[in-house]
Amino acid sequence: MAITFSDLHTEAGLKSLDEFLAGKSYISGDQITKDDVKVYAAVLGKPGTSFPNASKWYESVSSHLATSFPGKAVGVRICGKAAPSEAAPAKEVARAAAGDDDDDLDLFADETEDDKKAAEEREASKKASSKKKESGKSSVLMDIKPWDDETDMKKLEEAVRSIEMPGLLWGASKLAPVGYGIKKLQIMLTIVDDLVSVDSLIEEHLTVEPCNEHVQSCDIVAFNKI
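All figures in this text were calculated on a predicted structure; none of them were measured in a lab.

Draft legend 1. Looking closely at the overall build of the protein chain. A count of helical and extended segments in the protein chain gives 7 helices and 6 strands. Going residue by residue from the N terminus, the α and β elements of the protein chain occur as α-α-α-β-β-α-α-β-α-β-β-α-β. The long-range share in the protein chain, meaning contacts at least 24 apart out of those at least 6 apart in sequence, stands at 65%. On the protein chain, roughly 13,900 Å² of surface is accessible, and the fraction owed to carbon and sulfur atoms is 50%.

Draft legend 2. Structural context of helix α2 (residues 34–42). Burial runs high along α2: 7 of the 9 residues are buried. Buried within α2 we find Lys34, Asp35, Asp36, Val37, Val39, Tyr40 and Ala41.

Draft legend 3. Geometry of the sheet that holds strand β5 (residues 182–192). Pairing in this open sheet of 4 strands is antiparallel, and the strands run β4-β5-β3-β6 from one edge to the other. Both outer strands of the open sheet, β4 (168–179) and β6 (215–225), are each paired with one neighbouring strand and no more. Adjacent strand axes in the sheet meet at a mean angle of 20°, parallel and antiparallel pairs treated alike. Bridge analysis of strand β3 (residues 137–146) against β5 gives 8 bridges, and the strand direction is antiparallel.

Draft legend 4. Representation of helix α6 (residues 153–161) in the model. Of all the residues in α6, the buried ones are Met153, Leu156, Ala159 and Val160. The arc that holds the buried residues of α6, viewed along the axis, is 115°, so those residues lie on one side. The elements touched by buried residues of α6 are β3, β4, β5, α7 (198–206) and β6. With a side-chain oxygen positioned 3.0 Å from the backbone nitrogen of Lys154, the residue opening α6 is Asp152.

Draft legend 5. Region of the structure containing unusual backbone geometry. Here the residue pair Glu209 and Pro210 is connected by a cis peptide bond, since its omega of 0° sits within 30 degrees of zero. Although it is not a glycine, Tyr180 adopts a positive phi angle of roughly 60°. Topologically, Tyr180 is positioned in the loop between β4 and β5.

Draft legend 6. Structural context of the state of the cysteines. The full count for this structure, using the stated rule, is 0 disulfides. The thiol of Cys211 is not disulfide-bonded; the next cysteine sulfur, from Cys218, is found 8.3 Å away. Overall, Cys211 belongs to the buried group, its relative accessible area being 2%. Taking relative accessible area as the criterion, Cys218 reaches 13% and is therefore assigned buried.

Draft legend 7. How the structure looks around the side chain of Ser138. On the secondary structure map, Ser138 appears in strand β3. On the basis of relative accessible area, Ser138 is assigned to the buried category, the value being 0%. A polar side-chain atom of Ser138 sits 2.7 Å from a polar atom in the side chain of Asp193. If we ignore the near neighbours within four places in the chain, the residues touching Ser138 are Leu189, Thr190, Ile191, Asp193, Phe223, Asn224, Lys225 and Ile226.

What counts, and where the lines are drawn
Residues numbered from 1 in each chain as written. Predicted model: local features only at pLDDT ≥ 70, side-chain atom pairs only at ≥ 80, totals over all residues. Heavy atoms only, no water. Helix = DSSP H or I, 4+ residues; strand = E, 2+ residues; numbered from the N terminus. Contact = heavy atoms within 4.5 Å. Areas by Shrake-Rupley, 256 points an atom, 1.4 Å probe, with all protein chains shown as cover. Buried < 20%, exposed > 50% of the residue type's maximum accessible area, 1.4 Å probe, protein only. Pairing = 2+ DSSP bridges. Axes fitted to C-alpha atoms, helices over the stretch in contact; angles between N-to-C directions. Arc of directions from axis to C-beta. Polar contact = N/O pair within 3.5 Å; in protein donor to acceptor, adjacent residues only side chain to side chain. Disulfide = S-S within 2.5 Å.

So, in structure tokens, the structure goes:
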């Protein structure tokens, strides 16, 4: 049965691995197995001195993989991928080999359908993550003017803040004098650029019913990328 560990990117996960390896040379006993390769591939780097058992195990597995695949092993395939003409880093070897589910250390197995599916899922996840990071935010300062000095500014602000949509967050506000006893609402808002258009917010929400009962016009005072 394959042995797995979770959160190996955290100190808690490494501590769990270190405690498990106490008195052991490898994950499943005295010999390296596929379990060692899989766990090794999941660890970001050599554990620190706080994890002596895991650190010693990491060095042992790294050394084994490095010596098992010398540079002259041209043509050898690791999970369906040809080995490079020069010595492959042990971490790359481990990651290539970690897709196989056998308990024995079979680094020469062909790539399975599960391997391909897992690779496709990882690639899709990377693309989704990259797209998510590209979605920026902006901070906007807006002036919202009432019809006249008889407009209830409290109700005007309530009408403005009642507008809700994904990617829109209303912030601080204040009333500023315009003249002749009329005040305008100055309000901050944060938007996710890919989800909210300020022009559409004004034209399709702030200056149409029911907001236009209180709102006469809107002006963008400042627009800054975050």
